[in-house]
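# Structural characterization, general
The residues making up each chain are set out below.
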Amino acid sequence: MRVKETGPWVVYQMTVHGKHSGTNAVCEQAEWNAMEAERPGYHTLVRGGMRSENEAELMARGTSGDALKRAPARKG
């Protein structure tokens, strides 16, 4: 059974104890709107309007979790 995906999705930079943590998070646009209405400008929007949660997660993660690039084998 396929689960219907909602959205659109946003990536934002979290603020913890009044300081930007450098950690990105993902939520639905509606959740972002509610957070922004409650505390305007507290968190920083990185990008909004993404069509899928997967796309948003990949952007939030950046290169973290990517496969390590291997150096070519040296001929000896």
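Residues numbered from 1 in each chain as written. Predicted model: local features only at pLDDT ≥ 70, side-chain atom pairs only at ≥ 80, totals over all residues. Heavy atoms only, no water.

Topologically, Thr15 is positioned in strand E1 (residues 9–16). By relative accessible area, which is 9% here, Thr15 ends up buried. Within the structure, the side chain of Thr15 is placed 2.4 Å from the backbone oxygen of Tyr42, a separation counted as a polar contact. Discounting residues that sit within four places of it in the chain, Thr15 has contacts with His20, Ser21, Tyr42 and His43. (Helix = DSSP H or I, 4+ residues; strand = E, 2+ residues; numbered from the N terminus. Buried < 20%, exposed > 50% of the residue type's maximum accessible area, 1.4 Å probe, protein only. Polar contact = N/O pair within 3.5 Å; in protein donor to acceptor, adjacent residues only side chain to side chain. Contact = heavy atoms within 4.5 Å.)

On the basis of which strands lie adjacent, the open sheet formed by 3 strands has the order E2-E1-E3 and antiparallel pairing. Where the open sheet ends on each side, the last strands, each with one partner, are strand E2 (19–28) and strand E3 (44–50). The average angle at which neighbouring strand axes cross in this sheet is 20°, direction not considered. Its contacts with the sheet put helix H1 (residues 29–38) on E1, E2 and E3, and the angle it makes with E2 is roughly 135°. (Pairing = 2+ DSSP bridges. Axes fitted to C-alpha atoms, helices over the stretch in contact; angles between N-to-C directions.)

Everything listed here is a matter of coordinates, which is why it stays silent on function.
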